[in-house]
Amino acid sequence: MIVATVAAALGFQSQLHAQEKVLNIYSARHYQADSVMYDEFTRTTGIRINRIESDDAGILARLRAEGAASPADVVLLVDAARLALADSQGLFQPFRSARLDAAIPPNLRAAPTPEGVTWTGFSTRARVFAIDPQRLRAEDVATYEQLSDPKLRGMICTRSGSHPYNISLFATVIDRIGDQRGEAWLRGIVANKARPPRGGDTDQIRAVAAGECALAITNTYYVARLMRSDNPADRAVAERVRVVFPNQATTGTHVNIAGGAIARHARNRDNAIAFMEFMATPFAQKHFADGNNEFAAARNVRVNNPALSAIGGDNFKVENIPLDVVARNLVKVQQMLDRVGFK
Ligand code: FE
């Protein structure tokens, strides 16, 4: 059994009965500060966590390959379209939780069925621009659509086009403007790039501060993290950029969900539900907002993040596009990226 060998090699204990105080998490969350949250869960419940990390696509591929032999109990992803896609592929199982029903607004969760809900968001993040105010005015880049404007030639820095953060953003724009204009728009962004994509969002912000480009596409928490860094050099990077929330006068800024689900073949189902409920507690929600600078998803948790407030994160217009539209467009967008040479 190759799959069993893989699971053993990953260090998962074989699960003899569900009472065992263990939980196996497959996580696409790549934030070091999260360990505080996992430790608190173990401290308060006695449930030990085995965690393996990969990107969203890697986790979904692994779940499909492992099938019924998968040791995964909880799946954490950082992209709503991937959550919806995995759900449509039957990789999750529905569950019911009055606590989650009360805590998380319906627009941040899968549509409920009689069996329950298959996934839920725990936090959100906005995809914004960090610009060099000496080279660009905010009104020159007030919309995502303007990214293809020839005025921006040689100015844009972005991570890979195929990253879920970008694919989901592109899918929403293309849904609005249509396939033909959408592909031309992507071609325009490629023409406007300052350099081939490399690194994560933080690297793009640093490149703006260093004068290598005039605009970085980034999630809000990466900017806030630099603003709140203990390292003065990081804070200096943040001071050199200005954050623009795109499409405020039109369709709203693109917001993505990070969230979780219970794996289809979870053996530790009760522990998985306990973990999902823990993620909606004030402790975990404050961690998302304070520890990782995301926007909390739970209704009744008040958090104050001065960095997010300073860049306009308290009150901005959010794009409203059905998730299944984005999930359906993922493959099409990747094909467009390939055609226009968007690495
Ligand atoms: Fe991230």
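Let me begin by describing the structure that accompanies this report. Computed from a predicted structure; not experimentally measured. One numbering rule holds for all chains: residues counted from 1, following each sequence as written. Residue-level local features of this predicted model are given only where pLDDT is at least 70; pairs of side-chain atoms are given and counted only at 80 or more, and the full residue set underlies all totals for whole chains, interfaces and linings. The side-chain quantities take in all heavy atoms of the structure and omit both hydrogens and water.

As a further point, take the packing of helix H6 (residues 164-177) against helix H14 (residues 323-340). The N-to-C vectors of H6 and H14 enclose an angle of 100°; their axes lie 8 Å apart at closest approach. Classified by the angle their axes make, H6 and H14 are roughly perpendicular. Contact residues: H6 offers Ile-167, Ser-168, Phe-170, Ala-171, Thr-172, Ile-174 and Asp-175, while H14 offers Val-325, Val-326, Asn-329, Leu-330, Lys-332, Val-333, Gln-334, Met-336 and Leu-337. The classification used treats Ala, Val, Leu, Ile, Met, Phe, Trp, Tyr, Cys and Pro as nonpolar, Asp, Glu, Lys and Arg as charged, and all other residues, Gly among them, as polar. Grouping the amino acids of the contact of H6 with H14 by side-chain chemistry returns ten nonpolar, four polar and two charged. Simply put, an axis is a line fit to the C-alpha atoms, just over the touching stretch for a helix, and the angle between two N-to-C directions goes from 0 to 180 degrees. Helix numbering and strand numbering both begin at the N terminus, where a helix is a DSSP run of H or I of at least 4 residues and a strand a DSSP run of E of at least 2. Working rule for angles: under 35 degrees goes down as roughly parallel, over 145 as roughly antiparallel, 65 to 115 as roughly perpendicular, anything else as oblique. Only heavy atoms enter the contact rule, under which two residues are in contact if any of them lie within 4.5 Å.

By nonpolar core is meant a set of buried Ala, Val, Leu, Ile, Met, Phe, Trp, Tyr and Cys residues that side-chain atoms within 4.5 Å join together. Exposure is judged per residue with a 1.4 Å probe applied to protein chains only, and the accessible area is read against the type maximum: over 50% gives exposed, under 20% gives buried, and values in between give partly exposed. By size, the foremost hydrophobic cluster in this structure holds 78 residues, and its most contacted members are Phe-92 and Phe-275. A total of six residues in this core trace back to one element, the largest contributor, which is helix H11 (residues 269-279). Of the residues that make up this core, three or more belong to each of domain 1 (22-124 + 257-305) and domain 2 (125-254 + 323-340). In this structure, Phe-92 is in contact with Val-75, Leu-77, Leu-83, Ala-86, Asp-87, Thr-118, Trp-119, Ala-261, Ile-262, Ala-263 and Arg-264, ignoring residues within four places of it in sequence. Membership of the second largest hydrophobic core comes to 34 residues, among which are Leu-136, Phe-170, Val-333 and Phe-342. Here the limits of each domain have been adopted from an automatic or database domain assignment.

Geometry reference: four tetrahedral donors at a metal, ideal angle 109.5 degrees. Six octahedral donors, ideal angles 90 or 180 degrees. Taken together, His-30 (NE2), Tyr-31 (OH), Tyr-165 (OH), Tyr-221 (OH) and Tyr-222 (OH) make up the protein donors of the iron ion, found 1.9 to 2.6 Å from the metal. Sites may look incomplete because water is not among the atoms; the donors themselves are N, O and S atoms within 2.8 Å of the metal, or within 3.2 Å for Na, K and Ca. The sequence pattern formed by the donor residues of the iron ion is H-Y-x133-Y-x55-Y-Y. In this pair, His-30 is assigned in the loop between strand E1 (22-27) and helix H2 (35-45) and Tyr-221 in helix H9 (residues 220-227), connecting sequence segments 191 residues apart. Taking the relative accessible area as the measure of exposure, Tyr-221 reaches 0% and is therefore buried.

Moving on: the pairing of strand E8 (residues 255-262). With respect to burial, E8 is a largely interior element, seven of its eight residues being buried. Should DSSP find at least two bridges between two strands, the strands are taken to pair. In this sheet, E8 lies alongside strand E3 (residues 74-77) in antiparallel orientation, the contact comprising four bridges. Bridge assignment links Leu-77 to a residue of E8, and that residue is Gly-259. Sheet analysis places strand E4 (residues 119-131) next to E8, joined by seven bridges and oriented antiparallel. If you follow Gly-121 over to E8, its bridge partner there is Gly-259.

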